[in-house]
Structure formats: structure tokens, C-alpha cells
Amino acid sequence: MKLYPRQRHRVLQVVTKLLVPFVLMVGLYVQFHGDYGPGGGFQAGVIFGSAFILYGLIFGLQRTREILAPRVLHVMMSLGVLLYAGTGAVTMLLGGNLLDYDALAHDPLHGQHWGLFAIELGVGVTVSAVMISLFYNFASKR
Amino acid sequence: METLVVAVLLTFLVVIAIGIIVLRDLLGAVILLGVYSLVAAGAFVVMDAVDVAFTEAAVGSGISTILFLGALSFTSHKQKPRGHDSVAALVFVVITGGVLIYGTLDMPYYGSAESPAQTHPELAVRFIEESGSEVGPPNIVTSVLGSYRGYDTLGETLVVFAAGIAVLSILGLKRRRPEDEVLEDAPGDTARGASDNQQAYKE
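Residues numbered from 1 in each chain as written. Chains lettered and ligands numbered in written order. Predicted model: local features only at pLDDT ≥ 70, side-chain atom pairs only at ≥ 80, totals over all residues.

Considering the nonpolar core
Logical step 1: Within the largest apolar cluster, 53 residues are counted, with the highest numbers of intra-cluster contacts made by A:Val46, A:Val130, A:Met131, A:Ile132 and A:Phe135.
Logical step 2: At the level of secondary structure, the elements contributing two or more residues to this core comprise helix H2 (41-59), helix H4 (70-93) and helix H5 (108-140) of chain A together with helix H2 (26-46), helix H3 (50-72) and helix H8 (150-172) of chain B.
Logical step 3: Counting residues domain by domain, this core receives three or more from each of domain 1 (1-80) and domain 3 (149-189) of chain B.
Logical step 4: Every residue in contact with A:Val130, bar those within four places of it in the chain, is listed here: A:Met77, B:Val160, B:Phe161, B:Ala163 and B:Gly164. (Core = buried A, V, L, I, M, F, W, Y, C linked by C-beta atoms within 7 Å. Buried ≥ 20, exposed ≤ 12 C-beta atoms within 10 Å, placed from the backbone. Helix = DSSP H or I, 4+ residues; strand = E, 2+ residues; numbered from the N terminus. Domains from an automatic or database assignment. Contact = placed C-beta atoms within 7 Å.)

Pasting the structure below:
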């Protein structure tokens, strides 16, 4: 894939630098506001990942890899699934069914809240890591 | 008014789909696929499926366009001209499409209050009336995805994870031998890294 070298496309670079923090912020907003508005872990993960992909398209893969190493992504991919499945395991250990969040707290609604928070975070972490990882792998082969 | 908007959007979808089929320039086809997803997301918004529209816009017109472009860079931008058009394939496609359209005739009309999904006491009725006191979030979609159907979503997350692992195992992980690694990993950067990445990643 053609990735732009540093000296050219100054406008794109400036715009990207301005844009990336906001994209990350929107990603976090969608992640943690998914209970109240549209969104959730999957969409948030994609938006969060697209910020890094945008950065990689404009500033090159090498610089992006220095910010977020592929090894970190591999850990994140597994960590998200582990967080999700681990929440299920914890609910079972606390006496509920698999992914029955009522067991997580004394008040079932609080338990549901914590459970949803944990699994959405797990989904978001896994999805963003997979998306960035896919981009790294497709972009590094010419 | 809403019907008009939906009709226009769906007409756009058909036109774009035909364009994708007709185009021989694969780069243009990929961009059209992104446009297709965006228009589809607009149609979903009109149908009040905001979460689905959100996903369609982010994944369909965002990420997958990038990944298609990445995949295109492995091959050429032009589709090879085909030798002949197969009549058998045309007949097969027309029959399959006809059967699919015939199948949709049995489906309830869009927004029909009598559809099974709306009237079944364990589905929409339960979710709308009870999810606030059983799960909590005002966004019922989150309740359904995360709590009522948490097991499904766990499976979906595993599918995404498996897809990531599959791509990594085919394309990603470095080879063991160091000389391959130098060749393969970031061409231009290891060799010419000192020149500040200017020449890196030529096509």
C-alpha cells in the first residue's frame, strides 16, 4: 500500500495531527457512552483503531509501529477476549450462570452495570487491536 | 417523506451495486463499495437502526475500504478481461435471485406491528418493557447485546479474535531466520532508516 513519505502532503499531515486526538476521543466516548446512546465496544474499537490507521496512512508504518508496537497489539487482542470470557468465569464463580451479571454485585442492576462495562471494554480492546493489526499486516506487504 | 428518502437511498444502492459490477477498475470499485456502505448506513438511520448504521459506516465504509485497498496493493488495479460470458452462470444467478425474491414475499412488511418479532412475548415486548428494570441501560440494544445475548456477543468477539489470528498467521508473524526478517520487515526503513523514512513504502 502506498504510504506517504514525510516531506510531502504537508496539509494532510497537519490535518491528521489535528484530527487524531478527536477521533480517539470520539472512540472513547462511543465506548463508555454506549449504554446511553448508539454505540458500544465494537464501534468504539473500530473508531479507535481507525485513528491509528489514519496516522499510519499519512505518517508511514514505521512511525506508527514505534507508537504502538505489534507485540502490544497481540497482547491486547488476547486481553480483550480474556476480559470478556473472564467476566463470564467470575459470574460463574460467584454463583450465577455464565455471563449472568446479577451475581457481580449485591444490587443486580449494579452487577449488570459492571458486567456490561467489562464486556464492552473487552470487545473494544479486542476489536481495535485486531483492526490495527490487520492494517499493519496489509500495509507492510507491498 | 420518509418513504421518498428510503426509496431514493435504495435506488442509489442499486445503481452503485451495478456500477461495482460493471467497473473494470478495481480501485474505483473499492471506493464505490465504501460509498455503498455509507448509503446503506444512511438507509439504516432512516429506519431508526442507529447502532447498525454506526457499525456500517465505521466498518463498511471505513475499515474495509482501507483493507480492500491494502489487498489491492498485492495485485493489479485492473480486472482481467474475461474470455466469454457463461450462459449457464447467468441462468443460475437469475434462478437463485428469483427464489430469494420469492422468499422475501413471505416476510412481514417493514415496520409491521404484527410481525412475530414485535408480538412475541419473549422478544421485543420483554426487552422494551423489562430491560430498564432488569439490565438498566436506556439503550435497549446494549442491554440485548451485552446481557440478554451476552453469550452471542462473546462468540462474535471470538470470531473477530480468530480472524485477527488467521491474518497474523498468514501474513503477519516474522519468519524465524534473521535474513528474511531484514528483507521482509519494513523495506526501506531498516536499510534506509537513517534517511528519516522519506523513501519508505514506495508502492
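A few points about the packing of H2(B) against H3(B)
Residues and elements named next belong to chain B.
Logical step 1: The geometry of H2 relative to H3 is characterised by a closest axis approach of 7 Å and an angle of 175° between their N-to-C directions. Considered as vectors, H2 and H3 are oriented roughly antiparallel to each other. Counted together, Leu 26, Leu 27, Val 30, Leu 33, Gly 34, Ser 37, Leu 38, Ala 40, Ala 41, Phe 44 and Val 45 of H2 and Val 50, Val 52, Ala 53, Glu 56, Ala 57, Gly 60, Ser 61, Thr 65, Phe 68, Leu 69 and Leu 72 of H3 form the full contact between these two elements. (Axes fitted to C-alpha atoms, helices over the stretch in contact; angles between N-to-C directions. Parallel < 35°, antiparallel > 145°, perpendicular 65-115°, else oblique.)

Regarding the interface of chain A and chain B
Logical step 1: Taken together, the contact pairs 53 residues of chain A with 47 residues of chain B.
Logical step 2: Contributing elements (two or more residues each) for the side of chain A that touches chain B: H2, helix H3 (61-67), H4 and H5 of chain A.
Logical step 3: At 19 residues, H5(A) tops the list of elements feeding residues into the side of chain A that touches chain B.
Logical step 4: Its residues assigned to classes, the side of chain A that touches chain B comprises 28 nonpolar, 18 polar and 7 charged. (Nonpolar A, V, L, I, M, F, W, Y, C, P; charged D, E, K, R; others polar.)

A closer look at the environment of A:Pro70
Residues and elements named next belong to chain A.
Logical step 1: Counting through the fold element by element, Pro 70 comes out in helix H4.
Logical step 2: Judged by the 19 C-beta atoms lying within 10 Å of it, Pro 70 is partly exposed.
Logical step 3: Along the primary structure Pro 70 and Ile 132 are separated by 62 residues, whereas in three dimensions their C-alpha atoms are 8.8 Å apart.
Logical step 4: Dropping the residues within four chain positions of it, Pro 70 is found in contact with Arg 65, Ser 133 and Tyr 136.

Here's the deal with the confidence of the model for chain B
Residues and elements named next belong to chain B.
Logical step 1: This prediction gives chain B a mean pLDDT of 82; 84% of its residues lie at or above 70.
Logical step 2: Taken as a whole, residues 179-203 scores under 50 in pLDDT and shows 38 contacts with residues more than four places along the chain or in a different chain.
Logical step 3: For this predicted complex, the interface score ipTM comes out at 0.89, alongside a pTM of 0.81. (pLDDT = per-residue confidence, 0-100.)

Some thoughts on the packing of H2(A) against H5(A)
All names here are of chain A.
Logical step 1: Taken N-terminus to C-terminus, the directions of H2 and H5 make an angle of 30°; their axes are 7 Å apart at the nearest point. Judged on the interaxial angle alone, H5 and H2 are roughly parallel. With respect to the hand of their crossing, H2 and H5 are arranged in right-handed fashion. Between H2, through Gly 41, Phe 42, Ala 44, Gly 45, Val 46, Phe 48, Gly 49, Phe 52, Ile 53 and Gly 56, and H5, the contact on the second element is made entirely by Glu 120, Leu 121, Val 123, Gly 124, Thr 126, Val 127, Ser 128, Met 131, Ile 132, Phe 135 and Ala 139.
Logical step 2: Tallied by class, residues from the contact of H2 with H5 come to 13 nonpolar, 7 polar and 1 charged. (Left-handed = near helix turned anticlockwise from the far one by under 90°.)

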